[in-house]
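Observations on the three-dimensional arrangement
One letter stands for each residue in the lines below.
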Amino acid sequence: MKYIDMNEFQDCKIPKLTVKNIVGNFKTVTRHRNLVRKYCFKMGLYWQGLTHDLSKYSPSEFWISARYYQGNRSPHAALREQFGFSPGWLHHKGRNKHHYEYWLDFKKNTPGNISPCKMPDRYIAEMVADRIAACRIYEGDKYTLSSPLAYYNKAPEANLLHPYTREKLEMFLHMIEEKGEDYTCNYIRHNFLHKK
Ligand SMILES: [Zn+2]
């Protein structure tokens, strides 16, 4: 049974699975995980570094992402352009606590009665590692220390972030730009997460 069967949507042509796409998706996911692991380890987050984004290998995320494999951007972006949503992303953000979208829940007397909850610090840290790695992989040679902040500023989703989460995320993205990745990872490890 498929998580969401895209054939139920009218007028849709789903790209074929090819060996190239399957290999490309597998390599991109694995390269991303390797890079996130490196940054998480610098922050002292060993378990999260090892388990980051494992759901990308699950059938519900892997096969649809392989069909829409792009190489230079997320396959979810292409899915959203075609269908208005990405089933792979809905599956992903519901299972991975390093995405702030995971932390949206019902709350009375807020717009739409849905509101962001405060993210635990260790997932804010993993989100920072995730953003550096994603920018590095998608931007390649064009990556600079300003890239993670620039990516965030391109689509500020301020109303979906809890004020505490937003404050910390913006602080770390500025810190990367101004003081570099190693400094930021060290700061997160010792001053934010209070790890040895
Ligand atoms: Zn993720």
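To keep things clear, this report deals only with the structure shown in the data block. (Residues numbered from 1 in each chain as written. Predicted model: local features only at pLDDT ≥ 70, side-chain atom pairs only at ≥ 80, totals over all residues.)

**Thoughts on the overall build of the chain**
Spelled out, the test is: For helices the rule is a DSSP run of H or I covering at least 4 residues; for strands it is a run of E covering at least 2, with both sets numbered from the N terminus onward. Both definitions apply: the radius of gyration is a C-alpha atom measure, and the globule rule equals 2.2 Å times residues to the power 0.38. Counting other C-beta atoms within 10 Å of each residue's C-beta, where C-beta atoms are placed from the backbone, gives the exposure class: buried for 20 or more, exposed for 12 or fewer, partly exposed between. Each residue gets a C-beta atom placed from its backbone, and two residues are in contact if those atoms lie within 7 Å.
Summing up its helical and strand segments, the chain has nine helices and two strands in all. Overall, the chain shows an N-to-C arrangement of helices and strands of α-α-α-α-α-β-β-α-α-α-α. Taken over the C-alpha trace, the chain has a radius of gyration of 17 Å; the compact-globule value for 196 residues is 16 Å, and the two agree within 12%. Its C-alpha atoms put the chain at 50 × 45 × 30 Å along the principal axes. Counting every position in the chain, which comprises 196 residues, the buried fraction comes to 31%. Across the chain, the fraction of contacts at a sequence separation of at least 24, relative to all contacts at a separation of at least 6, is 64%.

**Description of helix 9 (residues 181–192)**
Since the α-helix turns once every 3.6 residues, residues separated by three or four places project in the same direction. Inclusion rule: The arc in question is formed by the directions pointing from the helix axis toward the C-beta atoms.
Taken residue by residue, helix 9 has Thr-184, Cys-185 and Ile-188 as its buried positions. Buried residues of helix 9 fall within an arc of 100° about the axis and therefore sit on the same side. In helix 9, the exposed positions that point more than 90 degrees away from the buried face belong to Asp-182, Tyr-183 and Asn-191. Along its buried surface, helix 9 packs onto helix 1 (19–42), helix 6 (121–139) and helix 8 (163–179). Immediately beyond the C-terminal end of helix 9, within one or two residues, lies His-194, with a positive phi of roughly 55°.

**Notes on unusual backbone geometry**
Despite not being glycine, Asp-53 shows a phi value in the positive range, around 60°. Locating Asp-53 in the fold gives a position in the loop between helix 2 (46–51) and helix 3 (59–67). Although it is not a glycine, Asn-109 sits at a positive phi angle of roughly 60°. Looking at the secondary structure, you find Asn-109 in the loop between strand 1 (104–106) and strand 2 (114–116).

**A closer look at the nonpolar core**
The test is simple: By definition, a nonpolar core groups buried Ala, Val, Leu, Ile, Met, Phe, Trp, Tyr and Cys residues that are joined through C-beta atoms within 7 Å.
The biggest cluster of nonpolar side chains holds 23 residues, and the ones touching the most others in it are Tyr-39, Met-43, Ala-125, Val-128, Ala-129 and Ile-132. At the level of elements, helix 1, helix 6, helix 8 and helix 9 are the ones that each hand at least two residues to this core. Broken down by element, this core gets its largest block of residues, eight residues, from helix 6. Discounting chain neighbours no more than four positions away, the residues touching Ile-132 are Tyr-39, Pro-148, Ile-176 and Glu-181.

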